[in-house]
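# Analysis of the macromolecular model
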Amino acid sequence: MGENDTTIVRTNFDLVTEVLSTKIAPEVIEYARKRLYAVYDLYKEKANKTELLGNFVSKIPVVVWGFSHGSEDALIGPEIGENVFDLANAVWFNNKIVSIVACHTGRKLAPAMVDAGARAVFAYSDELRIRITGDTYEPLEGFKECITAPKYIYDGLKAKDVYDAVVAEYNKWIDYWDEKDPVTADVLRHDRDCFVLVGSGESKITLSTYLFMGLTDIFAITWVVAKTLLEIVRLTKPLWRGEKGG
């Protein structure tokens, strides 16, 4: 358990959630892990309230992501009638920074989480639209980059600066697609306009404690290696002299 552990909740029960969970969410997981944050992945059957509560109690993550379908007041689970995030467990997100990749959750769910103590919540206040290729279901250029841009929270940015970075990412890809396909540009424009930040824009996380632990280990290992080499030189030097004298 570290000070800035992350929990990822990703359902996979239809084409939309498959794209979110297998084409988009892994980008966030890789980004966080490369910066030495511990990531706990609640995937498929583990994407439920029971697993989430157990994770929150044992790991106490500071950053939480949710990838699924959504409604105004819930992140929908894989089982019919079950939610993973909703108004009933909004209090679980006390002191956390949350990013919800799901439709409409910015309307009621995100504000409810903040009212219950969440530091900041990124979400979409309207339908999240993703254009994909017809053969591989890969998101078209720009969609993954924009949707995962809240990952910049792992670089120590404040929530308000992360929000600005997400909007800038959307603007970059809107300009790109305006030249190639205005319809795709309009989809991105719609997603940008319904992306919201609820809560404190000053919220941020500190650099990973694992990063400092890793640097400490590197220095320790370097010192041991250097000391060993010096000891080898000290012990073998008389032998060199003996060979020259013979």
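As shown above, the structure is provided for reference.
The paragraphs below set out a description of the structure included in this document. All values reported here derive from a predicted model rather than from experimental measurement.

## Focus on the packing of aromatic side chains
The final tally for this structure, using the stated rule, is 10 aromatic pairs. For the pair Phe122 and Phe195, a centre-to-centre distance of 6.0 Å together with 5 degrees between the ring planes defines the contact as stacked. Here Phe122, found in strand β8 (residues 120–124), pairs with Phe195, found in strand β9 (residues 195–199); they are 73 residues apart in sequence, far enough to count as distant. Accessibility assignment for this pair places Phe122 and Phe195 in one class, buried. Feature note: the residues Phe122, Tyr124, Tyr163 and Phe195 constitute an aromatic cluster, connected by ring pairs. Here Arg10 stacks its cationic end above the ring of Tyr43, 3.9 Å away from the centre of that ring. A cation over a ring is seen here: Lys180 above Trp177, with NZ or CZ 5.3 Å from the ring centre.

## Overview of the sheet that holds strand β4 (residues 70–71)
Taking strand neighbours across the sheet as the criterion, the three strands line up as β4-β5-β6 in an open arrangement whose pairing is antiparallel. Every other strand in the sheet has two partners, leaving β4 and β6 (83–86) as the edge strands with one partner each.

## Some thoughts on the sheet that holds strand β1 (residues 6–10)
Strand order across the open sheet formed by six strands is β2-β1-β3-β7-β8-β9, with mixed pairing between neighbours. Among the strands making up the open sheet, the edge pair consists of β2 (39–43) and β9. Each strand of the sheet is rotated relative to its neighbour by a mean of 15 degrees, with strand direction disregarded. Note: β1 against strand β3 (residues 63–67), five bridges, orientation parallel. The residue bridging Thr6 from the neighbouring strand is Val63, located in β3. Each of β8 and β9 is contacted by helix α5 (residues 159–180), which is oriented at about 175 degrees to β9, the strand it contacts most.

## Observations concerning the side chain of Ser99
Note on placement: Ser99 falls in strand β7 (residues 97–101). Discounting residues that sit within four places of it in the chain, Ser99 has contacts with Val64, Trp65, Gly66, Phe122 and Pro150.

## What about the pairing of β3?
Buried residues dominate β3, accounting for five of its five residues. Residues Val63, Trp65 and Phe67 of β3 are buried on one face, and the alternating residues Val64 and Gly66, pointing to the opposite face, are buried as well. In the sheet, β3 pairs with β7 via five bridges, with the strands oriented parallel. Residue pairing for β7: Phe67 is matched across the bridge by Val101.

About the criteria used
- Residues numbered from 1 in each chain as written.
- Predicted model: local features only at pLDDT ≥ 70, side-chain atom pairs only at ≥ 80, totals over all residues.
- Heavy atoms only, no water.
- Phe/Tyr/Trp six-rings, centres within 6.5 Å; stacked < 30°, edge-to-face > 60°.
- Helix = DSSP H or I, 4+ residues; strand = E, 2+ residues; numbered from the N terminus.
- Buried < 20%, exposed > 50% of the residue type's maximum accessible area, 1.4 Å probe, protein only.
- Lys NZ or Arg CZ within 6 Å of the ring centre and 35° of its normal.
- Pairing = 2+ DSSP bridges.
- Axes fitted to C-alpha atoms, helices over the stretch in contact; angles between N-to-C directions.
- Contact = heavy atoms within 4.5 Å.

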